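Take a look at the letters that make up each chain.
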Amino acid sequence: MTEDWLKSSIMAKRALAKGATGTTHSLTIEQQGGFHYVYGPYAKPTLSIDPGGVVVVETEDAFGGVLTSESDSPTAKLNFPYLNPQCGPIAVKGARKGDCLAVYIRDVETRGAQPAGTTCIIPEFGGLVGTASTALLNPPLPERVRKLHVDRNGVRWNDKITLPYEPFIGTIGTSPEIEAISSLQPDYHGGNMDLPDVAPGAIIYLPVHAEGALLYLGDCHAAQGDGELCGVAIEHPTVTTVQVDLIKGWTIAWPRLETRDFIMTIGSARPLEDAARIAYRELCRWMAADYGFDEIDAYMLLTQAGRVRLGNMVDPKYTMGASILKNYLKA
């Protein structure tokens, strides 16, 4: 059901379809064929839609579904760097460089046999271990796989703990203009941001750099804490439904996000503070450009009222979202 606040959203005000629902399309595993492991302009679109189109996408989990048992070895089963399989790309008719995609996330539902959720420890990957980038002599932590029942009632961690089902799209973005960027890395195009706010009920705004925008998505999570600390959330295969609109001439440098209550800008970089700086700088500029603030006044207000969300602190670049409540933006 469409939420009432969408009528006043940026998508409804500025996008070509004005937030109206267009034709519904299907993108099943069979229709997708081969998944993609880079974001780039060189793949042929699997689907082409008009602005306002709805796409129901079957996504695979971040491991391509190969971790099926708690006795599995990630080292033996996973074929790095072929992780984070992406669906698409979805071409949006009329999208050109300098435009912006508005992607309203309508639903993320677990699919497949239970236990559908998977999390694990992968050697030399995570927030509290030595990695290739943070090289240490300490031996890697032992591998471990957890398989978990996931449905809308929650994620069954054990007999005593059930985590809330709080699904979101871990990896979503548009094609860069010329680069091919790994689906494991977040950047200005979006990508593997692992930001829990990219969830049902939110609109993510993505910069367009290539003709057709070429939207990719995958790597959905059933639950995740801030930082994705061990490097792996509750990964699960899904049926994900998105509504895609197009805003002509709205040129943004980094992804943005809107919910009923707040607006957010998203930055990805290393070190972590540079990701936060990108996010906050973009929010200052957005407030000045569209909400009537003097940029310095926005800077000072965000010092008092801004909020940051840590997406991941484990990927090749780290992701931070900076936000402010819409109540502070009213004239």
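Anyway, here's the lowdown on the structure attached to this text. Everything numeric here is computed off the predicted structure, so don't read it as measured data. (Residues numbered from 1 in each chain as written. Predicted model: local features only at pLDDT ≥ 70, side-chain atom pairs only at ≥ 80, totals over all residues. Heavy atoms only, no water.)

**Here's the deal with the overall build of the chain**
Line of reasoning, step 1. Summing up its helical and strand segments, the chain has five helices and 22 strands in all.
Line of reasoning, step 2. Against the 2.2 N^0.38 benchmark of 20 Å for 331 residues, the chain shows a C-alpha radius of gyration of 19 Å, consistent with a compact globule.
Line of reasoning, step 3. A principal-axis box enclosing the C-alpha atoms of the chain has dimensions of 55 × 45 × 40 Å.
Line of reasoning, step 4. By residue count, 54% of the 331 residues in the chain fall in the buried class. (Helix = DSSP H or I, 4+ residues; strand = E, 2+ residues; numbered from the N terminus. Rg over C-alpha atoms; globule rule 2.2 N^0.38 Å. Buried < 20%, exposed > 50% of the residue type's maximum accessible area, 1.4 Å probe, protein only.)

**Focus on the packing of aromatic side chains**
Line of reasoning, step 1. The final tally for this structure, using the stated rule, is five aromatic pairs.
Line of reasoning, step 2. Members of the aromatic cluster, joined through ring pairs, are Tyr-205, Trp-250, Trp-286 and Tyr-291.
Line of reasoning, step 3. Here Arg-146 stacks its cationic end above the ring of Trp-157, 4.1 Å away from the centre of that ring. (Phe/Tyr/Trp six-rings, centres within 6.5 Å; stacked < 30°, edge-to-face > 60°. Lys NZ or Arg CZ within 6 Å of the ring centre and 35° of its normal.)

**Section: the sheet that holds strand β9 (residues 150–151)**
Line of reasoning, step 1. Strand order across the open sheet formed by three strands is β9-β10-β11, with antiparallel pairing between neighbours. Taken across any chain shown, the strands that pair with only one partner, and hence form the sheet edges, are β9 and β11 (162–163).
Line of reasoning, step 2. Bridge analysis of β9 against strand β10 (residues 154–156) gives two bridges, and the strand direction is antiparallel. Note on β10: the bridge partner recorded for Val-150 is Val-155. (Pairing = 2+ DSSP bridges.)

**Quick word on the pairing of strand β22 (residues 318–325)**
Line of reasoning, step 1. Among the eight residues of β22, seven are classified as buried, and the element is accordingly described as predominantly covered.
Line of reasoning, step 2. Pairing of strand β20 (residues 262–269) with β22 involves eight bridges; the strand directions are antiparallel. Residue pairing across strands places Met-264 opposite Ser-323, the latter belonging to β22.
Line of reasoning, step 3. Where strand β21 (residues 307–310) and β22 come together, four bridges link them in antiparallel fashion. Its bridge partner being in β22, Arg-307 is matched across the sheet by Ser-323.

**Side note on the side chain of Thr-265**
Line of reasoning, step 1. Structurally, the position occupied by Thr-265 is in strand β20.
Line of reasoning, step 2. On the basis of relative accessibility, which here comes to 0%, the residue Thr-265 falls in the buried class.
Line of reasoning, step 3. Among the polar contacts listed, one links the side chain of Thr-265 to the backbone oxygen of Ala-279, at a separation of 2.5 Å.
Line of reasoning, step 4. There is a polar contact of 3.4 Å between the side chain of Thr-265 and the backbone nitrogen of Leu-283. (Polar contact = N/O pair within 3.5 Å; in protein donor to acceptor, adjacent residues only side chain to side chain.)

**Remarks on a nonpolar patch on the surface**
Line of reasoning, step 1. On the surface, Ile-296, Tyr-299 and Met-300 cluster together to form a nonpolar patch covering roughly 350 Å² of accessible area.
Line of reasoning, step 2. Within the secondary structure, Tyr-299 is located in helix α5 (residues 295–305).
Line of reasoning, step 3. Looking at Tyr-299, the relative accessible area reads 53%, which means it is exposed. (Patch = residues over 30% accessible without salt bridge, like charges linked within 9 Å, V, L, I, M, F, W, Y side chains within 5 Å. Areas by Shrake-Rupley, 256 points an atom, 1.4 Å probe, with all protein chains shown as cover. Salt bridge = Lys/Arg side-chain N within 4 Å of Asp/Glu carboxyl O.)

**Focus on the pattern of salt bridges**
Line of reasoning, step 1. This model, assessed by the stated rule, comprises 17 salt bridges.
Line of reasoning, step 2. For Arg-14, the salt bridge goes to Asp-290, with nearest N and O atoms at 3.4 Å. With Arg-14 in helix α1 (residues 10–14) and Asp-290 in helix α4 (residues 272–290), this residue pair connects regions lying 276 residues apart in the sequence.
Line of reasoning, step 3. We classify Arg-14 as partly exposed; its relative accessible area is 38%.

**What about unusual backbone geometry?**
Comment: phi is negative for the bulk of residues other than glycine, and the bulk of peptide bonds are trans.
Line of reasoning, step 1. The omega torsion of the bond from Gln-114 to Pro-115 falls at 0°, within 30 degrees of zero and hence cis.
Line of reasoning, step 2. The residue Pro-115 is located in the loop between β6 (100–110) and β7 (117–121) in this model.
Line of reasoning, step 3. In this structure, Pro-271 follows Arg-270 across a cis peptide bond, with omega equal to 0°.
Line of reasoning, step 4. Examined against the element boundaries, Pro-271 turns out to sit in the loop between β20 and α4.
Line of reasoning, step 5. Backbone geometry places Asp-194, a non-glycine residue, at a positive phi of 50°.
Line of reasoning, step 6. Note that Asp-194 resides in the loop between β15 (190–191) and β16 (203–207).
Line of reasoning, step 7. Given the relative accessible area of 1%, Asp-194 is considered buried.
Line of reasoning, step 8. At Glu-228, a residue that is not glycine, the phi angle is positive and equals roughly 45°.
Line of reasoning, step 9. The residue Glu-228 is located in the loop between β17 (215–221) and β18 (238–247) in this model.
Line of reasoning, step 10. Note on Glu-228: relative accessible area 4%, which makes it buried.

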